[in-house]
Amino acid sequence: MEQAHSQAEVILGVDTHLTLSIETNPSGYEQLLTWARSFGRLNRAGIEGTGSYGAGLTRFLERNGVAIVEINRPNRSRRRNRGKSDPTDAESAARAVLADDATGVPKAQSGMAEALRILSVARRSAVKAKTQAVNQLRALLVSAPSFIRDALLKVKPEHCVAACAALPDDDEKNPALGSLKTTLKLLARRWNALHDELRELDKQLARLTKLAAPRLLGRFGVGPQTAATLLVTAGDNPTRLRNEAALAALCGVSPLEASSGKTSRHRLNRGGQRQANNALWTIAMVRMRSDARTREYVARRTGEGLSKKEIHRCLKRYIVRELYPLILADLADSARPA
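About the cut-offs
Residues numbered from 1 in each chain as written. Predicted model: local features only at pLDDT ≥ 70, side-chain atom pairs only at ≥ 80, totals over all residues. Heavy atoms only, no water. Helix = DSSP H or I, 4+ residues; strand = E, 2+ residues; numbered from the N terminus. Contact = heavy atoms within 4.5 Å. Areas by Shrake-Rupley, 256 points an atom, 1.4 Å probe, with all protein chains shown as cover. Phe/Tyr/Trp six-rings, centres within 6.5 Å; stacked < 30°, edge-to-face > 60°. Buried < 20%, exposed > 50% of the residue type's maximum accessible area, 1.4 Å probe, protein only. Core = buried A, V, L, I, M, F, W, Y, C linked by side-chain atoms within 4.5 Å.

## Regarding the overall build of the protein
So, point 1. Each helix and strand counted, the protein has 15 helices and 5 strands in total.
So, point 2. Across the protein, the fraction of contacts at a sequence separation of at least 24, relative to all contacts at a separation of at least 6, is 65%.
So, point 3. Split by element, the accessible area of the protein, about 19,700 Å² in all, is 53% carbon and sulfur.

## Observations concerning the packing of aromatic side chains
So, point 1. A complete count under the given rule lists 2 aromatic pairs for this structure.
So, point 2. Here Tyr297 and Tyr318 contribute two aromatic rings whose centre-to-centre distance is 5.8 Å and whose plane-to-plane angle is 80 degrees, an arrangement assigned as edge-to-face. With a gap of 21 residues between them, Tyr297 in helix α14 (residues 292-303) and Tyr318 in helix α15 (residues 308-335) connect regions that are remote in the sequence.

## Observations concerning helix α3 (residues 55-63)
So, point 1. Buried within α3 are the following residues: Ala55, Gly56, Leu57, Thr58, Phe60 and Leu61.
So, point 2. Structurally, α3 contributes buried residues whose contacts are with β1 (9-15), α2 (26-37), β2 (41-48) and β3 (67-71).
So, point 3. Once α3 finishes, Gly65 follows within two positions and takes phi at roughly 80 degrees, a positive value.

## Quick notes on the environment of Gln225
So, point 1. With respect to the secondary-structure elements, Gln225 resides in helix α11 (residues 224-234).
So, point 2. On a C-alpha basis, the gap between Gln225 and Ser120 in space is 8.5 Å, while along the polypeptide they are 105 residues apart.
So, point 3. Non-local contacts of Gln225, meaning those with residues more than four positions away in its chain, are made with Arg123, Asp202 and Leu205.

## A few points about the nonpolar core
So, point 1. Ranked by internal contacts, the top residues of the largest apolar core, which has 41 residues, are Leu116, Leu216, Leu231, Leu323 and Ile327.
So, point 2. Mapped onto this core, the elements with two or more residues apiece are α6 (112-142), α9 (175-212), α11, α12 (244-250), α13 (274-290), α14 and α15.
So, point 3. Looking at this core element by element, the count peaks at 10 residues for α15.
So, point 4. Residues in contact with Ile327, not counting those within four places in the same chain, are Leu216, Leu230, Leu231, Ala234 and Leu247.
So, point 5. If you look at the next biggest cluster of nonpolar residues, it comprises 17 residues, including Ala163, Leu167, Leu184 and Ala188.

The structure is reproduced here in structure tokens:
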């Protein structure tokens with residue numbers, strides 16, 4: 001009886017949140033592993049959030065010989081029927097692995113793609129905060145008294161920021177004007193600080209991308225930012241992407257049927273990883289403006305009756321096909337020890 005019990009396979013299902021039934025540290029992970037193995041042979045585990053709250057547990061289980069399957073959120077119809085709770089989600093994760101409904105391989109987080117992802121996270125927030133700072137500064141100037149607005153409101157953001165940063169420190173008797181001048185100076189300083197931060201982040205991204213993606217950077221229209229985004233999307237273990245069609249789906253550029261009656265057409269895919277989709281959009285735009293071969297393609301497809309959106313969708317799909325083997329080769333080289 002004991003022998004039969006020890007041979008039974010156990011599937012571990014984990015729903016990760018800020019609040020967990022075990023502590024999110026090595027001791028807690030060891031406790032979970034010991035508990036799961038007390039029921040039988042543990043070879044597979046389904047984990048939701050392997051790239052966030054479940055990252056530490058994922059690495060621990062992989063080191064202990066457990067194959068990890070990435071679990072997507074349960075579909076809405078199942079949640080409506082069964083309700084929402086952490087134990088229910090954990091059970092659903094285990095059942096998805098057992099039924100082979102879930103087959104996703106988690107991203108590795110230990111190589112050049114992860115290094116680029118970390119820098120990209122900081123860069124996106126810095127860009128957003130910088131834009132917000134100058135928008136707030138302009139909004140204050142628009143409603144400011146004319147003698148301040150005329151002196152400080154400029155067309156170019158950097159000129160506007162420089163004028164606000166140069167405001168003198170004087171004892172303003174009017175409290176509203178005093179608050180306005182102080183706020184304008186602080187927003188200008190914030191913009192300048194974020195500008196310097198972005199310059200440093202771009203420098204680091206360019207350096208790492210040059211090391212990690214020489215083949216990608218050699219293609220027309222691909223710059224450090226777009227190359228870094230595509231590498232991050234593929235991950236440090238890009239072999240989890242079975243083919244270039246899988247990468248296209250991940251980037252949200254796989255064609256979706258939109259045919260009806262006698263009309264046969266495809267439409268834009270609004271799913272996938274939006275940063276990667278935007279990177280492909282940028283590459284396509286650069287090529288449409290400056291690459292002779294792409295311009296000829298656009299002219300031909302326009303003559304066939306395709307809209308600009310449809311042509312852009314086709315171009316993004318072709319770009320994925322072109323760049324997929326280069327992404328695999330670049331990441332394979334960057335994974336080799338120096």
